Amino acid sequence: MTVYFIGAGPGDPELITVKGQRLIRSCPVIIYAGSLVPEAVLEGHRASQVINSAELHLEQIIDLIQAADAAGQDVARVHSGDPSLYGAIGEQIRHLRERGIAYEIVPGVTATAACAALLGAELTLPDISQSVILTRYADKTRMPAGEELADLAQHQATMAIHLGVNHLAKIVAELLPHYGEDCPIAVIHRATWPDQDWVQGTLADIQAKVEAKGFRRTALILVGRVLGSDHFSESSLYRAGHAHLYRP
């Protein structure tokens with residue numbers, strides 16, 4: 001018996017790996033995060049049990065997994081995006097290790113990748129930014145020392161900020177000293193869902209644009225000079241005259 005932590009992607013049912021889809025369709029028990037994973041992701045399943053974990057607390061989830069383990073049944077534990085990022089799988093894995101229950105993580109498409117695709121943007125451009133910082137706004141869960149937005153902003157790297165749209169004014173205030181008022185920023189609401197929407201602007205005007213849209217939750221903030229510049233060097237990989245293993 002194995003528990004498969006499956007990344008279902010950001011919302012579009014087609015943005016799931018072949019392996020993830022195969023496991024969902026073959027595992028006899030499915031526990032899925034129904035608040036963020038559309039039921040269409042489960043299409044074609046033959047499970048005898050399908051449980052929405054949005055209605056459960058951690059101990060109840062572990063009890064269900066333990067019952068499946070006792071019955072020798074594999075479990076598809078389906079999370080949104082990629083389960084290794086803000087997926088709350090660490091606490092579940094800790095319980096599984098204590099109980100000697102086998103598990104495997106199946107990666108998924110991240111919200112950051114989906115938002116970059118929607119914007120038609122590359123998040124790492126030569127001369128502008130070669131790093132992407134994935135972080136969140138400190139609200140109910142405090143950030144570790146050195147990981148406040150103001151600390152991370154000093155790098156001026158491309159940044160993806162989760163769970164922050166309701167605190168956009170504070171986020172902008174922390175970013176401004178490091179990125180500048182003219183720095184491009186985008187706020188994407190429910191990327192890849194049928195009702196997806198987004199706005200792009202600068203740190204100077206993004207608050208008014210988001211207010212006009214009325215975004216309140218399930219939104220990702222992308223900020224960085226990569227979102228608004230065509231002035232960067234070409235990569236070495238495809239540059240004529242640059243030799244490598246496949247092009248001597």
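The structure presented is a predicted model; accordingly, all values stated were derived computationally and were not measured. (Residues numbered from 1 in each chain as written. Predicted model: local features only at pLDDT ≥ 70, side-chain atom pairs only at ≥ 80, totals over all residues. Heavy atoms only, no water.)

(A) Molecular detail of a nonpolar patch on the surface. A cluster of nonpolar side chains, contributed by Leu85, Tyr86, Val132 and Leu134, occupies part of the molecular surface with about 310 Å² of accessible area. Along the polypeptide, Leu85 turns up in the loop between strand E4 (75-79) and helix H3 (89-99). Looking at Leu85, the relative accessible area reads 34%, which means it is partly exposed. (Patch = residues over 30% accessible without salt bridge, like charges linked within 9 Å, V, L, I, M, F, W, Y side chains within 5 Å. Areas by Shrake-Rupley, 256 points an atom, 1.4 Å probe, with all protein chains shown as cover. Salt bridge = Lys/Arg side-chain N within 4 Å of Asp/Glu carboxyl O. Helix = DSSP H or I, 4+ residues; strand = E, 2+ residues; numbered from the N terminus. Buried < 20%, exposed > 50% of the residue type's maximum accessible area, 1.4 Å probe, protein only.)

(B) Representation of the packing of aromatic side chains in the model. This model, assessed by the stated rule, comprises one aromatic pair. On the basis of an interplanar angle of 75° and a centroid distance of 6.3 Å, the ring pair of Phe5 and Tyr103 is categorised as edge-to-face. Highlighted residues: Phe5 in strand E1 (residues 2-7) and Tyr103 in strand E5 (residues 102-106), separated in sequence by 98 residues. The exposure class assigned to Phe5 is buried, which follows from its relative accessible area of 0%. (Phe/Tyr/Trp six-rings, centres within 6.5 Å; stacked < 30°, edge-to-face > 60°.)

(C) Looking closely at the pairing of E1. Most of E1 is tucked away: six of the six residues are buried. Of the two faces of E1, both are covered, the one formed by Thr2, Tyr4 and Ile6 as well as the one formed by Val3, Phe5 and Gly7. The pairing of E1 with E5 spans five bridges and is classified as parallel. For Ile6, the partnering residue across the bridge sits in E5 and is Val106. Two elements, E1 and E4, share five bridges in a ladder whose sense is parallel. For Tyr4, the partnering residue across the bridge sits in E4 and is Ala76. (Pairing = 2+ DSSP bridges.)

Interpretation note: all reported values are geometric properties and have no functional meaning in isolation.
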